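# Overview (structure and organization)
What follows is each chain in one-letter form.
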Amino acid sequence: MAVGSVEGVRAAAGIVPDRKKTLVQLEEVIKVYRESDVETIALRGLDLSIEEGDSVAIMGRSGSGKSTLLNLISGSDRPTAGRVLVDGTDVGRADEVARAQLRGKVMGIIFQSQNLLPFLTLEENVVLTGRLAGTELDGSWARELLDRVGLADRGSHRPDQLSGGEQQRGGLACVLAAKPRLLLADEMTGELDSATAAKLLDLVREVRRTEGMTVIMVTHDEQVAQTADRIVELRDGRVVADRRVR
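First, a word on scope: everything that follows refers to the structure included in this document. Just so it is clear, the model here is predicted, and its values are computed rather than measured.

In the Ramachandran plot, Glu28 falls in the positive-phi region, its phi being about 50 degrees despite a non-glycine side chain. Here Glu28 is to be found in strand β1 (residues 22-35). A relative accessible area of 57% means that Glu28 is categorised as exposed. Its identity as a non-glycine residue notwithstanding, Glu187 has a phi of 50 degrees, on the positive side. Structurally, Glu187 can be placed in the loop between β7 (182-186) and α7 (194-211).

This is the structure:
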């Protein structure tokens with residue numbers, strides 16, 4: 001029997017195939033930066049759809065629009081034109097209160113510069129992040145998270161006592177403490193050695209499997225990109241390739 005006829009029989013019987021929910025949707029997004037009389041077009045009518053539970057690697061040369069894309073999804077910037085929808089909310093048109101609520105309830109964000117509170121220890125940062133997101137953490141659970149990112153012996157240290165790579169891993173522990181539905185990561189493994197990077201990617205995969213977390217990560221590393229379900233390549237602010245890895 002042909003595939004089409006099988007689908008017809010299923011439809012006639014009222015059997016609807018399972019479809020994942022679209023969590024992130026970008027529609028004809030344009031982003032223009034203006035400085036004095038100079039205009040820089042970062043995104044040129046970009047369309048992109050990401051389903052809940054998916055893992056997507058964003059690749060492209062410097063200036064292709066990768067970081068701009070993450071900034072628009074996170075709500076830290078607004079599109080010049082087009083729509084950016086996250087969990088049904090038009091992020092570009094939402095006010096700052098609504099965007100902050102969306103970031104707190106839905107998103108976990110790891111950018112290249114971490115925002116660990118400098119006056120708290122790493123363990124205290126993890127506990128506070130979880131509690132702000134409504135997750136009741138105690139010190140033992142925070143220490144377990146730090147152990148999973150290879151920082152079991154650094155929980156009592158403040159951010160200025162940590163290397164850049166350690167701050168990156170500490171930032172990931174904070175994000176995971178909040179149990180986000182959507183993880184946005186900009187060069188998450190950029191400052192890490194290969195062994196530590198592999199451990200972090202394994203941890204992200206485990207959390208995806210157990211929590212159904214959606215991941216959007218910007219990376220220049222093809223090996224890191226290969227750990228995703230999809231690789232989306234940008235060039236001059238447009239999607240030029242979108243392929244499934246698995």
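All of the buried residues in helix α5 (residues 139-148) are Ala142, Leu145 and Leu146. Projected down its long axis, α5 carries its buried residues within an arc of 100 degrees, all on one side. Packing partners of the buried residues in α5 comprise α4 (122-132) and α6 (164-177). Positive phi appears at Gly150, one or two residues downstream of α5, with a value of about 80 degrees.

So, about the sheet that holds β1. On the basis of which strands lie adjacent, the open sheet formed by four strands has the order β2-β1-β4-β5 and antiparallel pairing. Two strands bound the open sheet, and with one partner strand each, they are β2 (38-51) and β5 (89-90). On top of the sheet, helix α2 (residues 66-74) reaches β1, β2 and β4 (81-86); it is set at about 115 degrees to β1, its chief contact.

The subject of this paragraph is the environment of Asp87. Relative to the helices and strands, Asp87 resides in the loop between β4 and β5. A C-alpha to C-alpha distance of 8.7 Å links Asp87 and Leu102, two positions 15 residues apart in sequence. If sequence neighbours within four positions are ignored, Asp87 has contacts with Lys21, Leu23, Val106 and Arg181. A polar contact of 2.7 Å, which involves the side chain of Asp87, links it to the side chain of Lys21. Within polar-contact distance, the side chain of Asp87 engages the side chain of Arg181 at 3.0 Å.

Across the five residues of β7, five count as buried, placing the element largely inside the fold. Alternating residues of β7 divide into Leu182, Leu184 and Asp186 and Leu183 and Ala185, and every residue in both groups is buried. Bridge count for strand β6 (residues 107-110) against β7 is four bridges, and the pairing is parallel. The residue of β7 that forms the bridge with Met107 is Leu182. Pairing between β7 and strand β8 (residues 214-218): five bridges, direction parallel. Within the sheet, the bridge partner assigned to Leu183 lies in β8 and is Val215.

A few words on the sheet that holds β7. Read from one edge to the other, the open sheet built from six strands follows the order β6-β7-β8-β3-β9-β10, with strand pairing classed as mixed. Two strands in the sheet have a free side with no partner beyond their single neighbour: β6 and β10 (238-244). Put simply, the sheet's adjacent strands are angled 15 degrees from each other on average, direction ignored. Sheet strands touched by α6: β6 and β7. Its angle to β6, the strand with the most contacts, is close to 180 degrees.

Rules used throughout
- Residues numbered from 1 in each chain as written.
- Predicted model: local features only at pLDDT ≥ 70, side-chain atom pairs only at ≥ 80, totals over all residues.
- Heavy atoms only, no water.
- Helix = DSSP H or I, 4+ residues; strand = E, 2+ residues; numbered from the N terminus.
- Buried < 20%, exposed > 50% of the residue type's maximum accessible area, 1.4 Å probe, protein only.
- Arc of directions from axis to C-beta.
- Contact = heavy atoms within 4.5 Å.
- Pairing = 2+ DSSP bridges.
- Axes fitted to C-alpha atoms, helices over the stretch in contact; angles between N-to-C directions.
- Polar contact = N/O pair within 3.5 Å; in protein donor to acceptor, adjacent residues only side chain to side chain.

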